[in-house]
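A closer look at the structure
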Amino acid sequence: MTNNPPADRLTVAVLGPGGVGGLLAALVARAGHRVICLAGDDTVRTLRADGIHVRSAHFGDFTTAVEADTELREPVDACLITVKHTALDAALERVPAPALGEAALVVPFLNGIEHPTALRDRYGRGRVAPAVIRVESTRTGPGVIEHASPFAEIDLTGDTVARGRLDALAGALAAAGPAVRVQDDEAATLWAKMSFLAPFALLTTRYGLPLGDVRTHHRAELTALVEETAAVARACGAPADPAQALARYDAFSPDTKSSMQRDAEAGRALELDAIGGALLRAAKRHGVPTPVASELVESLKAH
């Protein structure tokens, strides 16, 4: 069921209606905004016929109608980019820059730190607003989303975007359900996630172990990698606290797996370059030694 349209109804495109994109598309559509999901032919047919089904203890179980197409063909207020980095280049062909319109914000929910520059080169500096989301949400089939975490938290940022535009989009997303904050420092926002994600992803994938086993059996390596990543973050102008990062890992359920590890188990392409590669390139630019990260990235490349 869809609520009555809000007075400031938006048109929002969602590129890649998977676990994250499908959840956001459904929540935004349920809040009364117009949503256009951009995907392949089979997914488009399913979404047009059946909408998106969400199962969530936090947001409730519901089905909502969305529009769907293989390519963006009209101006929108925002385009949420929710594909994985490994599929980004091909997926962006579905979003021609002229179709976006003058008012559109491009909002990438991507791992890593390098994508904002590439997207600004493609779509313009004043419209790219990177976002970080903390959520556990899985696409179990076309248009079927399982939201498992008791939260969905978004940090929205963008050093080159007018604050009023960020606030307006944040308000619409927050009204749809997620907790949303607008952050002033883009580098700090992206590195806050990177500093947590890189050690978690690289070590769980390298050893094929959940986080509990990594933090128990590979504690010294985890500690060293956290310290390396924090040093790179600080060199890039972002605050980082290794002790705080280790405390966060210790607080997670021991059976937690990273998305990179799940991709490896399923035989899918890894976001190794977007995470490990980007970390090493930033370290090289700033002269920060990263022997543990370098060994892990090379080992994962070999496998």
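Residues numbered from 1 in each chain as written. Predicted model: local features only at pLDDT ≥ 70, side-chain atom pairs only at ≥ 80, totals over all residues. Heavy atoms only, no water.

Observations concerning the side chain of serine 299
Note the cut-off: Runs of E in the DSSP output that reach at least two residues are strands. Runs of H or I that reach at least four are helices, and both are numbered from the N terminus. Partly exposed describes any residue whose relative accessible area lies between the buried limit of under 20% and the exposed limit of over 50%, with all areas from a 1.4 Å probe on protein chains only and scaled to the type maximum. Contacts described as polar in this section are N or O atom pairs within 3.5 Å, which, within protein, must combine one atom able to donate a hydrogen with one able to accept it, while residues neighboring in sequence count only if both atoms come from side chains.
With respect to the helices and strands, serine 299 occurs in helix 13 (residues 291-302). Residue classification places serine 299 among the buried residues on the basis of a relative accessible area of 10%. A distance of 2.7 Å separates a polar atom in the side chain of serine 299 from a polar atom in the side chain of arginine 206.

Remarks on the sheet that holds strand 4 (residues 62-64)
Rules: Pairing between strands is defined by DSSP: at least two bridges between them are needed. To define axes, lines are fitted to C-alpha atoms, for helices over the stretch in contact only, and angles between the resulting N-to-C directions are given on a 0 to 180 degree scale. Contact definition: two residues touch when any of their heavy atoms are within 4.5 Å.
The sheet built from four strands is open, its strands ordered 4-3-10-9 with mixed pairing. The strands lining the two open edges of the sheet, one partner per strand, are strand 4 and strand 9 (137-141). Adjacent strand axes in the sheet meet at a mean angle of 25°, parallel and antiparallel pairs treated alike. In this sheet, strand 10 (residues 144-147) lies alongside strand 9 in antiparallel orientation, the contact comprising four bridges. Paired with glycine 141 across the bridge in strand 10 is valine 144. Taken strand by strand, helix 1 (residues 19-30) contacts strand 3 (52-56), strand 4, strand 9 and strand 10, and its axis lies near 80° from that of strand 4.

Some thoughts on the sheet that holds strand 12 (residues 179-182)
One open sheet accounts for three strands, arranged 8-11-12; its pairing is mixed. For this open sheet the edge positions go to strand 8 (131-134) and strand 12, each flanked by a neighbour on one side alone. In this sheet, neighbouring strand axes are inclined to one another by 15° on average, regardless of whether the strands run parallel or antiparallel. With four bridges joining them, strand 8 and strand 11 (residues 153-156) adopt antiparallel strand pairing. Bridging across to strand 11, arginine 134 finds its partner in glutamate 153.

Focus on the packing of helix 7 (residues 186-207) against helix 9 (residues 219-235)
Under the convention used in this document: What sets the label is the angle itself: under 35 degrees gives roughly parallel, over 145 gives roughly antiparallel, 65 to 115 gives roughly perpendicular, and the rest give oblique. A crossing counts as left-handed when the near helix is turned anticlockwise from the far one by less than a right angle, and as right-handed when that turn is clockwise.
Where helix 7 meets helix 9, the axes come as close as 9 Å, and the angle between the chain directions of the two elements is 150°. Taken together, the axis directions place helix 7 and helix 9 in an arrangement best described as roughly antiparallel. Relative to helix 9, helix 7 is oriented so that their crossing is right-handed. Contacts from Trp191, Met194, Ser195, Ala198, Pro199, Leu202, Leu203 and Tyr207 in helix 7 reach Glu221, Leu222, Leu225, Val226, Thr229, Val232 and Ala233 in helix 9.

A word on helix 2 (residues 41-50)
Just so we agree on the cut-off: When we speak of the arc, we mean the arc of directions from the helix axis to the C-beta atoms.
When helix 2 is considered as a whole, its buried residues turn out to be Thr43, Val44 and Leu47. The buried side chains of helix 2 occupy one side of the element, clustering within an arc of 100° when seen end-on. Away from its buried face by more than 90 degrees, helix 2 exposes Asp41, Asp42, Arg45 and Ala49. Contacts from the buried residues of helix 2 go to strand 2 (34-38), strand 3, strand 5 (67-69) and strand 9. Glycine 51 occupies a position one or two residues after helix 2 and carries a positive phi of about 70°.

Re the layout of surface pockets
Any space left empty among the atoms is revealed by the rolling of a water-sized probe across them. In plain terms, the rule: Within this scheme a cavity is a closed region of a 1 Å grid, computed over the protein atoms alone, that accommodates a 1.4 Å probe without allowing it to escape, whereas a pocket is open but has protein on both sides within 12 Å along at least five of seven lines; lining residues each have an atom within 4 Å of a point. Grid points are joined across faces, edges and corners, and a volume is the space filled by probe spheres set on the points. Amino acid classes used here: Ala, Val, Leu, Ile, Met, Phe, Trp, Tyr, Cys and Pro are nonpolar; Asp, Glu, Lys and Arg are charged; the rest, including Gly, are polar.
Each pocket or cavity is described by its volume, and for the second largest pocket that value is around 200 Å³. Lining the second largest pocket, in full, are Ile113, Glu114, Pro116, Thr117, Arg120, Asp159, Glu186, Ala187, Leu190, Trp191 and Cys236. Counting residues per element, the lining of the second largest pocket draws most heavily on helix 7, which supplies four residues. Grouping the constituent residues of the lining of the second largest pocket by class yields six nonpolar, one polar and four charged.

Some points on helix 13
An α-helix turns once per 3.6 residues; consequently, residues spaced three or four apart project the same way. Here is the rule: For a helix, the expected span equals 1.5 Å multiplied by the number of residues minus one.
Over its 12 residues, helix 13 extends 17 Å from the first C-alpha to the last, a length consistent with the 16 Å expected when each residue adds 1.5 Å. Val292, Ala293, Leu296, Val297, Ser299 and Leu300 are the residues of helix 13 that are buried. An end-on view of helix 13 places all buried positions within 165° of arc, on one side of the element. Along helix 13, exposed side chains directed more than 90 degrees from the buried face belong to Pro291, Lys301 and Ala302. In this fold, the buried residues of helix 13 make contact with helix 7, helix 9 and helix 12 (272-286).

By themselves, these are just geometric observations and shouldn't be taken as functional.
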